[in-house]
Amino acid sequence: MAATPAPPQAPPKPTWDPRRQEPPFPWLRPTIRIRLTLLYGGMFLIAGILLLSIIYLLAAQAINTGNEPLFKIVNGNQLQVTSDNCPAIKDSSLTISQFNEAISACIDDQRRVALDDLLSRSLLALLGLAIIAFAFGYAMAGRVLSPLGRITRTARAVAGSDLSRRIELDGPDDELKELADTFDEMLERLQRAFTAQQRFVGNASHELRTPLAINRTLLEVHLSDPNAPMELQQLGKTLLATNERSEQLVEGLLLLARSDNQIVERKPVDLAEVAEQAVDQVHAEAAAKGVLIRGEQKPAVVQGNGVLLERIALNLVQNAVRYNIPEDGWVEVTTEIQHGQAVLVVSNTGPVVPAYEIDNLFEPFRRLRTERTGSDKGVGLGLSIVRSVVRAHGGHIAAQPREGGGLVMRVTLPV
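For every chain, the first residue of the written sequence is number 1, and numbering continues from 1 along that sequence. At least 70 in pLDDT is required for a residue's local features to be given in this predicted model, at least 80 for side-chain atom pairs to be given and counted, and no such filter applies to totals for whole chains, interfaces and linings, which use all residues. Derived side-chain values reflect all non-hydrogen atoms in the structure, with water molecules and hydrogen atoms excluded from consideration.

S.K.: Explain the overall build of the protein here, please?
M.R.: For the protein, the helix and strand inventory stands at nine helices and nine strands. In what follows, a contact means two residues having at least one pair of non-hydrogen atoms within 4.5 Å. Pairs at least 24 apart in sequence give 67% of the contacts found in the protein among residues at least 6 apart. In DSSP terms, a helix is any run of H or I states spanning at least four residues, a strand is any run of E spanning at least two, and both are numbered starting from the N terminus.

Given below as structure tokens:
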């Protein structure tokens, strides 16, 4: 049987390569520099033509006004001269030389008036044209550089963990389109890398769940045998604790991989209720350690995933209880609305935390003064999960050492 030929594939879209050779006539290419040069040069040329035309018309009007006769003969027998613009020549007792000087002074005065009028009108025309030129230049520059705004908005969306956004800029093949295409290619690679990483973590976590559940069941069955030797029971309890720790690690990895994605389905969630539930779950552990949990939870409704938001509060409260002082320790949990944002603050007493160690606390499998997990207090993913969930909700988490020991964890989420 003959093999079915594969359907023809569309040729790949040509991508920009920084190593490719430039075209033979790069100055013919409609680059952004040439476009801006033609745009602003043409606008300046048009403004200059308009300004010269206005000045020419004003000068012609001023010259025509200045050529009007300043005096006229009113009597042929006895010369009498009158002028509204030059009252000095009305005196009939003037000599010839005095009369000529008066006429010259009047002509100079009229020219000065005409030039002053021309200058004032030219300045007003120049001011008006400057305002118009700047307005059109601002509008045209915004139109030409609008792709930069589109690139900025896409980059801002990507910064919020939305790697599915693309610029897909249309238009001439200039520098801006090259930048947009290169940015889209980078986003495509980043999305593939992050998707592969999350898929690997998720698949590995799911695959590890089954054998861990089987091991836990077998250990519980053996521990339920009353005739088992004491050594075997002790070994079973140790293995069961190790298996439980491994299950917590797998669950943490799975939640961490899921929380790195952007939250698509959002519902109103009150942080006060989330904090109260977290306090109720940790209350027994806090009472066993002698830690007092206090604080006022005011309503603070946000849009997000209730399960993930509950994990934020639970992890923070658990860490605050477990990493506390042996005696007279306390944990304070508060929620409120501040400056249009929902705020969850978890403060606790505890060991002194250096400021330079704060960033390490949010790294997976990292703890204070240790590089790997080695404690029975957790698997080292609590704060990493908290940070990922907060980022997925578009929020921010900050840690600050307390005076005398302990930490202040402040979570800010948009309402």
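So much for the structure itself; the text now carries on.
S.K.: What is the right way to look at the confidence of the model for the protein in this model?
M.R.: Detail in the predicted coordinates should be disregarded across regions flagged by low pLDDT. Confidence along the protein averages 76 in pLDDT terms, with 74% of residues attaining 70 or more. Note on residues 73–77: pLDDT is under 50 here. Beyond four places in sequence and across chains, it has five contacts. The low-confidence segment residues 370–376 (pLDDT under 50) makes 13 contacts with residues lying over four places distant or belonging to another chain. For every residue, the predictor reports its confidence as pLDDT, a number between 0 and 100.

S.K.: Got a minute to help me understand the sheet that holds strand β8 (residues 396–401) in this structure?
M.R.: What holds strands together in a sheet is hydrogen bonding between their backbones, with the strands either parallel or antiparallel. A pair of strands is treated as paired once DSSP finds two or more bridges between them. Taken together, the five strands give an open sheet; going across it, the order is β4-β6-β7-β9-β8, and neighbouring strands pair in mixed fashion. Either end of the sheet is taken by a strand with one partner, and the two such strands are β4 (291–294) and β8. Here the average twist between neighbouring strands, direction ignored, is 15°. Here six bridges tie β8 to strand β9 (residues 407–414), and the two strands are oriented antiparallel to one another. Residue histidine 396 lies in a different strand from β9, and its bridge partner there is threonine 412. Geometry is summarised by axes, namely lines fitted to C-alpha atoms with helices restricted to the contacting stretch, and by angles between N-to-C directions that run from 0 to 180 degrees. Packed on one face of the sheet, helix α9 (residues 382–392) meets β8 and β9 and runs near 140° to β8.

S.K.: Can you help me understand the nonpolar core in this one?
M.R.: Looking at soluble globular proteins, one finds that nonpolar side chains tend to be buried together. Nine residue types can take part in a nonpolar core, namely buried Ala, Val, Leu, Ile, Met, Phe, Trp, Tyr and Cys, and a core is a set of them joined through side-chain atoms within 4.5 Å. Whether a residue is buried, partly exposed or exposed follows from its accessible area with a 1.4 Å probe, protein chains only, as a fraction of its type maximum: under 20%, in between, or over 50%, in that order. In terms of nonpolar packing, the biggest core is built from 42 residues, with Ile312, Leu316 and Leu344 touching the most fellow members. No other element matches helix α7 (residues 306–322), which puts nine residues into this core. Excluding anything up to four places from it in sequence, leucine 316 contacts Leu344, Val346, Leu383, Val386, Ile397, Met409 and Val411. Counting nine residues, the second-largest nonpolar core is a separate cluster that includes Ile151, Val158, Leu163 and Leu187.

S.K.: Whenever I open this one, the packing of α7 against α9 confuses me. Can you help?
M.R.: Their axes nearest at 9 Å, the elements α7 and α9 cross at an angle of 145°. α7 and α9 meet at a crossing whose hand is left-handed. Contacts between α7 and α9 involve Leu308, Leu309, Arg311, Ile312, Asn315, Leu316 and Asn319 from the former and Gly382, Leu383, Ile385, Val386, Val389 and Val390 from the latter. Residue type decides the class: Asp, Glu, Lys and Arg count as charged, Ala, Val, Leu, Ile, Met, Phe, Trp, Tyr, Cys and Pro as nonpolar, and the leftover types, Gly among them, as polar. Class assignment for the residues of the contact of α7 with α9 results in nine nonpolar, three polar and one charged. Two helices that cross are described as forming a left-handed crossing if the nearer one is turned anticlockwise from the farther one by less than a right angle, and a right-handed crossing if clockwise.

S.K.: Sorry if this is basic, but what is going on with the packing of aromatic side chains here?
M.R.: Any two aromatic rings considered together are summarised by their centre-to-centre distance and by the angle between their planes. The aromatic pairing rule takes the rings of Phe, Tyr and Trp, using the six-membered ring of Trp, and pairs them if the centres are within 6.5 Å, calling planes under 30 degrees apart stacked, those over 60 edge-to-face and the rest tilted. Here the structure, examined in full by the defined rule, presents zero aromatic pairs. Counting as a charge over the ring demands two things of the Lys NZ or Arg CZ atom: a distance within 6 Å of the ring centre and an angle within 35 degrees of the ring normal. A cation over an aromatic ring shows up here: arginine 294 above the ring of tryptophan 330, its NZ or CZ 4.1 Å from the ring centre.

S.K.: When you look at the packing of helix α6 (residues 271–289) against α7 in this model, what are you seeing that I'm missing?
M.R.: Helix-helix packing is characterised by the crossing angle of the two axes and by the distance between the axes. Interhelical geometry of α6 versus α7 gives an angle of 20° and a closest axis separation of 8 Å. Comparing the axis directions of α6 and α7 gives the class roughly parallel. The two elements α6 and α7 cross, and the hand of that crossing is right-handed. Along its contact with α6, which presents Val274, Ala275, Gln277, Ala278, Gln281, Val282, Glu285, Ala286 and Lys289, the element α7 presents Leu309, Glu310, Ala313, Leu314, Val317, Gln318, Val321 and Arg322. Orientation is classified from the angle alone, with under 35 degrees giving roughly parallel, over 145 giving roughly antiparallel, 65 to 115 giving roughly perpendicular, and any other angle giving oblique.

S.K.: So what exactly am I meant to see when it comes to the pattern of salt bridges here?
M.R.: Any Lys or Arg side-chain nitrogen located within 4 Å of an Asp or Glu carboxyl oxygen qualifies as a salt bridge. The tally for this structure, following the rule as stated, stands at three salt bridges. When the shortest N-O distance is used, the salt bridge between glutamate 188 and arginine 192 registers 3.7 Å. Residue glutamate 188 and its partner arginine 192 are both found in helix α4 (residues 175–223); the two are separated by four residues, about one turn of the helix. Since its relative accessible area comes to 33%, glutamate 188 is described here as partly exposed. Taking the shortest distance from any N to any O, the salt bridge between arginine 322 and glutamate 285 comes out at 2.9 Å. Taken together, the residues span a long stretch of sequence, with arginine 322 in helix α7 and glutamate 285 in helix α6 at a distance of 37 residues.

S.K.: When you look at α7 in this model, what are you seeing that I'm missing?
M.R.: Two residues of an α-helix separated by three or four positions point the same way, owing to the 3.6 residues in each turn. Relative to the 24 Å expected for 17 residues at 1.5 Å per residue, α7 spans 24 Å between its end C-alpha atoms, a close match to the ideal helical length. For α7, the N-terminal cap is asparagine 305; the gap from its side-chain oxygen to the backbone nitrogen of leucine 308 is 3.0 Å. A helix is expected to span 1.5 Å for every residue after the first. Identification of polar contacts relies on pairs of N or O atoms within 3.5 Å, with a donor-acceptor requirement for protein atoms, meaning one able to donate a hydrogen and the other able to accept it, and with residues adjacent in sequence counted only if both atoms are side-chain atoms.

S.K.: Please clarify how α6 should be interpreted in this entry.
M.R.: The terminal C-alpha atoms of α6 lie 26 Å apart, and with 19 residues this matches the ideal 27 Å at 1.5 Å per residue to within 8%. One axis fitted to the seven residues ending at a residue, another fitted to the seven starting there: the angle between these axes is the bend at that residue. At histidine 283, α6 shows its maximal bend, which comes to roughly 45°. The complete set of buried residues in α6 reads Leu271, Ala272, Val274, Ala275, Ala278, Val279, Val282 and Ala286. Between the side-chain oxygen of the N-cap and the backbone nitrogen of alanine 272 there are 3.1 Å, and the N-cap of α6 in question is aspartate 270. Once α6 ends, the next one or two residues include glycine 290, with phi positive near 75°.

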